[in-house]
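Residue-level structure breakdown
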Amino acid sequence: MPLFPISDESEEKKQSRTLFPDTGLHAEPRDDRDTPDPGNLDWLVNSSYKPESVSQTASPTQDPPVQAVTSSEVFKDAQSAGPHTGSKRPKREDLSSSEEDSDDNVEVKKRRKKSKKEKHKHKSKKHKRSKSRARSRSPVPEYSNVTEKQRKLFQHSDKVFIEEIPGLEAEDAYRIDRNPNKNNYIYGSVVDRHVARYKRHVSVCLAQTDGPTVSLKDKKEQGGKAKSHNRYYSKEQRKSLRMAPHEVILTSKVGSSSEKAKEFISVTKDKSVCFNQEDNQLKGDIRDQLLDKKSYAYIQGSGGMQLEQEDNSIQKSYLWKKSEDFNKRLRENPKDVKLWLEFVNFQDRFLYEDLSDESQSGSMNVKKLPKHVIYEKKIMILKKAMETNPSCVSLKLKYLELCQNHLEAADVNKELEGLLFKYPTDITLWRRYLLFNQSHLPTFSVTHVCKLYSNCIQKLIGYQTGTVFSHRSTEGLDMEMLRLVVQYCCFLRQAGHTEKAVGCFQALIEFNLFCPPSLESHQDKRNAFESFWDSGVSRVGESNARGWRYWLEHRGHVAPLAAPPSTTDIEQEEQDLLACNDPKWRMWLNIERLRESAHLLPWRPDVSNGETEEDCQDMERLVLFDDISGVLFTLPKQLHFEVVVQFLMFLGVDRDFWMSTVNTFDSQSNVDCVSQVLDKILLSECHGNTKVPSLLKTFINSLLEQMVTYFDNDSNSHSILTALRLRFLKQCIGDSSSGLKQLKKFGKSLLKEQRIRNNAYVWSEYTALLWEVGGAQEARPVAEAALSLLSKSESDMDISTQCGLVRLYRMLTEMILKFPHGHQDVCGDRIQIKEAENSSEEARWGLQCLVEGKSIKDSRPNMNPFNSVLTMKKMNKMLEGYVKILKLELHATSSMCVLTLQHFCEFTRCCALYAWLSQADRLKESIGLVDLTLSKVQHLLPEQTTSDNSEHSHSVQLTSNYSRVLEEHHKTKVRIILYHMSTMSAPLTCLRSAITCALGDFPCSPYFLWLFTQAELKANAWSRLDRFFTHRLKDGAQPIPLLIAILSQVQRLCNLEEQMRKDKLCKDEEVKISETSMIHRIRSSCDVGKDSIIVQNCPLLWRLCLYTEVKYGKKDLAKGKFYQALQHCPWAKVLYLDGVAIFGEEILSSVTDLIMEKELRLQIPLEEVDILLG
């Protein structure tokens, strides 16, 4: 008997009596009337369904036409049960008495009773679960934008069925989940299990009118299942991603030899793309029309023997194939040390490789190789390499580097000393030995490391002077010794002993630049210099300093040093700090930093008042002869200028890219050189105060004046040092309007001097500083006046004048074109040039005057294309001549070499600007000219053979100068592209390709790395940026790329904070970002640096990690990183101060005790703070 019988009543009555009223959407009529109409049962889309109407129309007195359970009875049973109020069951007495007495309904009662038991059995379990949920569920939130019926639904959120909530309509039977899934904000996408999957029910292409039928279903193979489409990260897809890259197959067919190949895949019915219908046997698939014959034959299975053989060769991942290639090449050439080291470093790639899909026989069931397996593999490779190359120092150093964390410190030190006994002139070995003792916390002390540096330099002096004959001196040893002294002074400054570092530089300059000619042997010079140092007269950089030679020739007639400036200012500042009533730890930190910024120069007694060295209150400020005797050695004359420039750089003078001939960048120990290349505005808290004290300004000005006088006979060095005076003045005065007046006043007085009046290089430096401070409106008249004054034939000029003139023409052209001064922003403001055609002609005329030797004041002829072509040919010819001159100067280290290199790069830049102005395809022609010059310069560097000895050390300077020229040419390309993008239009890919090419030659260049970071961040290409740094760090961690990678993540967090403030999601003081993937990526980058010896000894990296962890991460993790930083960089005093600034009173006592134990410079003990506070 059917549950809902069809009666003969009218349609209106039928609708009022049925549980699921009809919506009017009837299917086709059927003859079988025993089955219910499916159209009447669709109550989910029926908006007319109302429980109230059903309850009103369904009367208990109405009987069905047949003896069956009607819909009204079912509904009455549900109403009599009432809504669930817990685990109570509905009472059986509530049932109708007429139903119990009816004999005809016995069968119905049994069936209903049985269903009730089953239903209550399941409901009781549901009620228990819902009851437990209700106890743990938070209060129901109040929502204002909902209807009254929806509010009922929220209040009865523990109900399951619609009938349990009285008065609920079907269209209101839904809930709104207003609690967001916060993981979607962190990862940027939903979980893969939450992605909806759809089944396709249409097997043909829609809207297809003609042509073959396209089947969108995969047909079953004979005796198999239907082919399933794998997801993008399936096992097969991961294998294909790790395969070696294949050549691109061009699917478009060329109809004739003259027709160019198409750069896209055509989907038309072109016969050149689709082959004949007879050849196409899968006519139903449109994808087959996009395949060439070979690809289609591969899919069909024809010609499969050759393809299968090719496919069988790619069973393992790309890394496994690369390993096999390394093994093959090493078997053929086992003496290639560079290849052995590359193979060892290549093993780190397996740490990031998923190997779970490489197992074919089940032998390899690990997902990734653990670190200890990679470590053991590296050790075995190095042992095999050392067997074939027993005298190789590089392999032994790499072996000790790997074993450093697994051997005792004494054993590693003993091995290094043994290598130094065999190879005492190997500077790389000495650097590794010093760094190991400098970074080992248990045995570290400042006195011990200073003694090691002194022993190193003294042993090298024996080989330099020829007094030791066991090993011959290597070429370039003088330069390497100077680098060691600079590294030693940087170590002293980071340990807090800045006075001793300044004293070492003073002693080295006096010992070499002002040495009396009567002294010849090193020992005689040393003995005589001790008397000069203890005499109390002024030294280099101090007021009225006359030099060691003058003191020895006029002994007894040289006045002692004048009274030093008083320290009243610092005492007043200390009193102001004590009046702030800060906590003890903050008071100690502020006074320590104040005294450290003021106590930079050695303490000198006031002889006029009868003071002696015993009157010094802080003996650490006193620099004795024993403190500087270890760095005294004789430098050749061509390095005299370089030691002065290095001293100025050490004191913080802002130098130009070209004002140095020795590359002293040492990421292991020189945190200041690393921090200069980073954006200090972004992380000002991390870099601290950069203000130059007044005493230091006086010292630097005095030093510059003395050095300009000393190099009076060398016009090139004189020009560079004079330009440095201007640059330092600009550094002190800043960019304010008053500073501009001071700069103009000092520049005019300087240029009035007879010797400097016609110095084009000083004029160019003055113009560049005016452009930087006052803009083009201040600098352009000065440039035009200088060019009209200095224009003459090139044969009468020295190299400094030539360089200055080319630089002036280049700056004048850029000012006419409104080039931005300094570094250009990526995707910055658009440059609007009024009267662009006139400006272009004026700029071209200036560059044409440079080539033809004319004056810019001459009448300008008509600028026709023919003249432009002739001028371009002259420029190319001159450029070829400069390339030949450059070949002779690449190996030099003098100031003349500096100006020659700068002159060549400036002229190349002028040629590129003229090509951009005169050619039709501006950007392409200018970049092509720079690329052509780059290729010519690259041919100048000879092929270098890999050798372990220091015999090739003479080529270090050649490589350094060569790298400078290449880097400047890459910068020229980038500047032109950025300017073209700001004035016209160019795709971003053009800039990306230029930066990528530059990073290929200079992977650790901070300029190109930061430019690449800004370009990708402004394009919101975060995935591209993350992918770039991930692959770069896989190849081997280096300090600069790792620092830039962390800074890029920090800048993204800063941008997110700024956006939150703009959107007013939080107050300024309450901006707090929860842990996101960016913070985890920063932590992973820091972990990568821990495994590299080069990176883990960089103090700035640890400071950056501490800063980001405290601001965006967890403070507990920051404390662990703080102790790790002290373990790897125990000499860096700034890390101790950062720890006190972060953790406060908690670690103050232990930090000060550790500072005193390791003999770092402590300006104020805690006992003195207690006395001052008391």
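What counts, and where the lines are drawn
Residues numbered from 1 in each chain as written. Predicted model: local features only at pLDDT ≥ 70, side-chain atom pairs only at ≥ 80, totals over all residues. Heavy atoms only, no water. Helix = DSSP H or I, 4+ residues; strand = E, 2+ residues; numbered from the N terminus. Areas by Shrake-Rupley, 256 points an atom, 1.4 Å probe, with all protein chains shown as cover. Buried < 20%, exposed > 50% of the residue type's maximum accessible area, 1.4 Å probe, protein only. Lys, Arg positive; Asp, Glu negative; His and termini not counted. Salt bridge = Lys/Arg side-chain N within 4 Å of Asp/Glu carboxyl O. Contact = heavy atoms within 4.5 Å. Polar contact = N/O pair within 3.5 Å; in protein donor to acceptor, adjacent residues only side chain to side chain. Phe/Tyr/Trp six-rings, centres within 6.5 Å; stacked < 30°, edge-to-face > 60°. Lys NZ or Arg CZ within 6 Å of the ring centre and 35° of its normal. pLDDT = per-residue confidence, 0-100. Disulfide = S-S within 2.5 Å. Expected span 1.5 Å × (residues − 1). Core = buried A, V, L, I, M, F, W, Y, C linked by side-chain atoms within 4.5 Å. Axes fitted to C-alpha atoms, helices over the stretch in contact; angles between N-to-C directions. Parallel < 35°, antiparallel > 145°, perpendicular 65-115°, else oblique. Left-handed = near helix turned anticlockwise from the far one by under 90°. Nonpolar A, V, L, I, M, F, W, Y, C, P; charged D, E, K, R; others polar.

1. A few points about the overall build of the protein
- Looking only at helices and strands, the protein has 49 helices and zero strands in total.
- Carbon and sulfur atoms make up 51% of the accessible area of the protein, which totals about 64,400 Å².

2. Some words on the side chain of Arg621
- Assignment of secondary structure puts Arg621 in the loop between helix 23 (584-598) and helix 24 (625-628).
- For the buried Arg621, which has no salt bridge, the nearest side chain bearing the opposite charge is Glu499, at an N-O separation of 4.0 Å.
- Excluding residues within four positions of it along the chain, Arg621 makes contact with Glu499, His599, Leu601, Pro602, Trp603 and Arg1161.

3. Notes on the side chain of His1128
- Structurally, His1128 is set in helix 46 (residues 1115-1128).
- For His1128, the contacting residues outside a window of four places in its chain are Ser439, Gln1096, Asn1097 and Trp1102.

4. Re the environment of Glu772
- For Glu772, the location among the structural elements is in helix 31 (residues 760-774).
- Taking the relative accessible area as the measure of exposure, Glu772 reaches 34% and is therefore partly exposed.
- Excluding residues within four positions of it along the chain, Glu772 makes contact with Lys730 and His821.
- Polar contacts involving the side chain of Glu772 include one to the side chain of Lys730, which spans 2.8 Å.

5. Some points on the packing of aromatic side chains
- Under the definition given, this model contains 26 aromatic pairs.
- The interplanar angle of 90 degrees and the centroid separation of 6.5 Å between the aromatic rings of Phe444 and Phe491 together place this pair among those described as edge-to-face. Taken together, the residues Phe444 in the loop between helix 16 (427-438) and helix 17 (446-465) and Phe491 in helix 18 (residues 477-494) connect sequence positions 47 residues apart. Here the two residues Phe444 and Phe491 agree in accessibility, since each one is buried.
- For Arg539, the ring lying beneath its charged end belongs to Trp533, and the centroid distance is 3.7 Å.
- Lying across the ring of Phe1143, Lys1119 places its NZ or CZ 5.5 Å from the centre.

6. A look at the confidence of the model for the protein
- Put simply, the protein has an average pLDDT of 74, and 66% of its residues get 70 or more.
- Ignoring residues within four places in sequence, the model shows residues 359-365, a span with pLDDT below 50, making five contacts including any to other chains.
- pLDDT under 50 marks residues 659-690. Its contacts with residues more than four places away, or in other chains, come to 93 contacts.

7. Brief notes about the state of the cysteines
- Evaluation of the coordinates by the stated rule reveals one disulfide.
- One disulfide bridge connects Cys1086 with Cys1105, the sulfur atoms lying 2.2 Å from each other. Judged by the sign of its S-S torsion, about -105 degrees, the cystine formed by Cys1086 and Cys1105 is left-handed. Note that Cys1086 is positioned in helix 43 (residues 1077-1090) and Cys1105 in helix 45 (residues 1099-1112), a separation of 19 residues in sequence. Like Cys1105, Cys1086 is buried.

8. Some words on helix 17
- The end-to-end C-alpha distance of helix 17 is 29 Å, a good match for the 28 Å that 20 residues give at a rise of 1.5 Å each.
- Turning to helix 17, its buried residues number three or more, namely Val446, Val449, Cys450, Leu452, Tyr453, Cys456, Ile457, Leu460, Ile461, Gly462 and Tyr463.
- Each element contacted by the buried residues of helix 17 is listed here: helix 16, helix 18 and helix 20 (522-533).
- Where helix 17 terminates, the next one or two residues include Gly466, which has phi positive at roughly 90 degrees.

9. Here we look at the nonpolar core
- Of all hydrophobic cores here, the largest spans 125 residues; its most connected members are Phe491, Phe529, Trp548 and Trp588.
- Ranked by the residues each element gives to this core, the list is headed by helix 18, at eleven residues.
- Ignoring anything within four residues of it in the chain, the contact list for Phe491 reads Gln438, Phe444, Val446, Val449, Cys450, Tyr453 and Trp1131.

10. Brief notes about the packing of helix 46 against helix 47 (residues 1133-1143)
- At a closest axis distance of 10 Å, the pairing of helix 46 and helix 47 adopts a crossing angle of 165 degrees. Regarding the angle of helix 46 to helix 47, the classification is roughly antiparallel. The chirality of how helix 46 crosses helix 47 is left-handed. Listed contacts from helix 47 to Lys1115, Ala1118, Lys1119, Phe1122, Ala1125 and Leu1126 of helix 46 are Leu1135, Tyr1136, Gly1139, Ile1142 and Phe1143.
- Per-class residue counts for the contact of helix 46 with helix 47 are eight nonpolar, one polar and two charged.

11. Concerning the environment of Tyr463
- Topologically, Tyr463 is positioned in helix 17.
- Classification of Tyr463 as buried rests on a relative accessible area of 10%.
- For the pair Tyr463 and Leu477, spaced 14 residues apart in sequence, the C-alpha separation works out to 9.0 Å.
- Excluding its chain neighbours within four sequence positions, the residues that come into contact with Tyr463 are Pro424, Thr425, Val468, Ser470, His471, Ser473 and Leu477.

12. Thoughts on the pattern of salt bridges
- For the structure shown, the criterion picks out 37 salt bridges.
- Between Glu596 and Lys1133 there is a salt bridge, with the nearest N and O atoms lying 3.7 Å from each other. On the criterion of sequence distance, the pair formed by Glu596 in helix 23 and Lys1133 in helix 47 is long-range, its members being 537 residues apart.
- Salt bridges sharing partners connect three or more residues here, namely Arg810, Glu814, Glu906 and Arg909.

13. Considerations on the environment of Leu1043
- The topology assignment puts Leu1043 in helix 42 (residues 1039-1062).
- Residue Leu1043 is classed as buried on the basis of its relative accessible area, which comes to 0%.
- Note: C-alpha distance between Leu1043 and Gly1089 (46 residues apart in sequence) is 9.7 Å.

14. A short note on helix 19 (residues 498-513)
- The end-to-end C-alpha distance of helix 19, which contains 16 residues, comes to 22 Å, matching closely the 22 Å that a straight helix rising 1.5 Å per residue would cover.
- Most of helix 19 sits out of view: 16 of its 16 residues are buried.

15. Remarks on the packing of helix 25 (residues 640-650) against helix 29 (residues 715-733)
- In contact at an axis separation of 12 Å, helix 25 and helix 29 are set at 10 degrees when each is read in the N-to-C sense. One finds that helix 25 runs roughly parallel with respect to helix 29. Here Phe641, Val644 and Leu648 of helix 25 come into contact with helix 29, specifically with Ser717, Ile720, Leu721 and Leu724.
- Split by residue class, the contact of helix 25 with helix 29 holds six nonpolar, one polar and no charged.

16. Thoughts on unusual backbone geometry
- Although it is not a glycine, Lys818 adopts a positive phi angle of roughly 65 degrees.
- Position of Lys818 relative to the elements: it lies in the loop between helix 33 (799-816) and helix 34 (836-852).
- On the basis of relative accessible area, Lys818 is assigned to the partly exposed category, the value being 40%.
- You will see that Glu1159, though not glycine, has its phi angle at about 65 degrees, which is positive.
- When you line up the elements, Glu1159 lands in the loop between helix 48 (1148-1157) and helix 49 (1166-1173).

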